Amino acid sequence: MSSRNGRNTVMVAGASAGVGRAVAHEFARQGWNVGLIARGEAGLRGTIRDVEQAGGRAMAFMADVADADAVAQAADELAERFGGIDVWVNNAMVTIYAPVQETKPEEFRRATEVTYLGQVHGTLAALKHMVPRDRGTIVHIGSALAYRSIPLQASYCAAKAAVRGFVDSLRSELLHDGSRVRLTMIQLPAVNTPQFDWARSRLPRKLEPVPPIYQPEAIARHVFKAAHDAPRELWIGASAWKAIVGNMLIPGWIDGYLARHGYRGEMTSVQAQKNRPDNLYDPVDTDPGAHGRFDARATGHVAAADPRWLKLGLAAALGVVAGTMLFATEAQGRGEGRREGRRAMLDRRSTPTRARPGG
């Protein structure tokens, strides 16, 4: 992986705050050229400053990822300036906090255009430059909610699940073509980002992520590593592992648990501010940095796992449980068989012998 001037080049979509901003900073720390796509001018300026102070070279594009032509143009200009694109990180998202029946059709459409189609547009733009060179890695920022939806965020959960379906289809196509372009999807836990003060909400109290909460920099380190190793998927945080695996095993029980506790878990006890600005259609053009308001509750380190190994461990554990149950069942059967044999023997001994005729 190498672009013009001996530096690698990454494009980060959704780069002005939160995870995207931390990812841009992490690549810059490693000396990369960093392309930045975001809608807000103030946030982009702050990210450019972060990248340059960290030793990277920045090129920013004020664009909406829902606009496929704008994303493609940004990719062309970045590749022209730096000699190619080595990694593309699809991260931009918007969401609506509201029950399904209180969410408008146009709001579902907008969340889909950004959170799902934004990743499709970024991928198409990246493939245009990576496929002819037969190299490059596209990183899709997902969520545990791609596997296990929660109440009050149907638009976001559905969009992340759609990204997962899209990536799986594309992966098979690239394998069919013998392409060396790589795809990886990273499923995130709760992260301390500004989105909880930007997201459109119809809930009565202020929003919060469902704990445990992790700092964006902890996520960014895993994103950078995944860009090199390209695991099929990477699940970050034990909370994400439990949500995904739990949904595979006991989805009905989790439905009921979320019905009882999910609403309360997504809100603080503080009353929501009425008519606050949100970023569904237009950016909240401030420069908050990568972090949200949960620094006191957020952890700076988090473990990540390739789910192949988690699934092998789960399969082994289930095998042990199944084997133990089978052994217990067989032992019980053998015990019952011995008891039946003893009862039959006693029955034969206690039954009077019938006298033979003519005896």
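Residues numbered from 1 in each chain as written. Predicted model: local features only at pLDDT ≥ 70, side-chain atom pairs only at ≥ 80, totals over all residues. Heavy atoms only, no water.

Asker: I keep staring at helix α2 (residues 41-53) and nothing clicks. Help me out?
Answerer: Helical periodicity: at 3.6 residues per turn, an α-helix aligns residues three or four positions apart in one direction. The end-to-end C-alpha distance of α2 is 18 Å, a good match for the 18 Å that 13 residues give at a rise of 1.5 Å each. Along α2, the residues that are buried comprise G43, L44, G46, T47 and V51. Mapping the buried residues of α2 onto a view down its axis gives an arc of 160°, with all of them on the same face. Among the exposed residues of α2, those pointing more than 90 degrees away from its buried face are R45 and Q53. Buried residues belonging to α2 abut α1 (18-29), β2 (33-38) and β3 (57-62). Phi turns positive, to about 100°, at G55, one or two residues after α2. (Helix = DSSP H or I, 4+ residues; strand = E, 2+ residues; numbered from the N terminus. Expected span 1.5 Å × (residues − 1). Buried < 20%, exposed > 50% of the residue type's maximum accessible area, 1.4 Å probe, protein only. Arc of directions from axis to C-beta. Contact = heavy atoms within 4.5 Å.)

Asker: How should the nonpolar core be read in this particular structure?
Answerer: One broad trend across soluble globular proteins is that nonpolar side chains are buried collectively. Of all hydrophobic cores here, the largest spans 43 residues; its most connected members are I37 and W88. Of all elements in the fold, only β1 (9-13), β3, α3 (68-82), α4 (105-133), α5 (154-177), β7 (182-188) and α8 (238-249) reach the threshold of two or more residues within this core. Here the element with the most residues in this core is α4; it accounts for seven residues. Residues contacting W88, with those up to four places away along its chain left out, are M11, I37, V71, A75, G122, A125, A126, M130, T137, I138 and V139. Counting residues in hydrophobic clusters, the runner-up holds 35 residues, among them V10, V19, I219 and I236. (Core = buried A, V, L, I, M, F, W, Y, C linked by side-chain atoms within 4.5 Å.)

Asker: How should the sheet that holds β3 be read in this particular structure?
Answerer: The strands making up a sheet associate through hydrogen bonds between their backbones, and the pairing can be parallel or antiparallel. With mixed pairing, eight strands are arranged side by side in an open sheet as β3-β2-β1-β4-β6-β7-β12-β15. Two strands bound the open sheet, and with one partner strand each, they are β3 and β15 (304-305). Here strand β12 (residues 233-236) pairs with β15 via two bridges, running antiparallel. Residue I236 lies in a different strand from β15, and its bridge partner there is A304. (Pairing = 2+ DSSP bridges.)

Asker: Looking at this structure, I do not really get the layout of surface pockets. What am I missing?
Answerer: If you roll a probe as big as a water molecule over the atoms, it shows you where there is empty space left. Taken as a whole, the second largest pocket encloses approximately 430 Å³ of empty space. Along the walls of the second largest pocket sit 21 residues, with A272, Q273, K274, N275 and R276 positioned nearest its centre. Elements with a contribution of two residues or more to the lining of the second largest pocket: α6 (195-198), β9 (200-201) and β10 (205-207). Partitioned by chemical class, the residues of the lining of the second largest pocket number nine nonpolar, three polar and nine charged. (1 Å grid on protein atoms, 1.4 Å probe; cavity = no way out; pocket = protein on both sides within 12 Å on 5 of 7 lines; lining within 4 Å. Points joined across faces, edges and corners; volume = space filled by probe spheres on them. Nonpolar A, V, L, I, M, F, W, Y, C, P; charged D, E, K, R; others polar.)

Asker: So what exactly am I meant to see when it comes to the packing of aromatic side chains here?
Answerer: To describe a pair of aromatic rings, you give the distance between the ring centres and the angle between the ring planes. Applying the stated criterion across every chain, the model contains seven aromatic pairs. Ring geometry for W32 versus F224: centroids 6.1 Å apart, planes at 75°, classification edge-to-face. In this pair, W32 sits in the loop between α1 and β2 while F224 sits in helix α7 (residues 216-229), placing the two residues 192 residues apart along the sequence. Just as W32 is buried, F224 falls in that class too. Between W253 and Y257, the ring centres sit 5.4 Å apart and the planes meet at 20°, which makes this aromatic pair stacked. With a gap of four residues between them, W253 and Y257 both fall in helix α9 (residues 251-265), about one helical turn apart. (Phe/Tyr/Trp six-rings, centres within 6.5 Å; stacked < 30°, edge-to-face > 60°.)

Asker: What am I meant to see in the pairing of strand β4 (residues 87-90) here?
Answerer: Looking along a regular strand, one sees the side chains alternate between the two faces of the sheet. The two faces of β4 match: V87 and V89 on one face and W88 and N90 on the other face are all buried. Pairing geometry for β1 and β4, over four bridges, is parallel. Bridge pairing in β4 links V12 to V89. Of the pairings in the sheet, the one linking β4 to strand β6 (residues 137-143) comprises four bridges and is parallel in character. Residue pairing for β6: V89 is matched across the bridge by V139.

Asker: Can you help me understand the pattern of salt bridges in this one?
Answerer: Pairs can form between side chains of opposite charge once their charged atoms are near each other. Throughout the structure, instances matching the rule amount to 20 salt bridges. A salt bridge links D197 to R293, with the shortest nitrogen-to-oxygen separation between them at 2.8 Å. Taken together, the positions of D197 in helix α6 and R293 in the loop between β13 (267-271) and β14 (298-299) put the pair 96 residues apart, joining distant regions of the chain. (Salt bridge = Lys/Arg side-chain N within 4 Å of Asp/Glu carboxyl O.)

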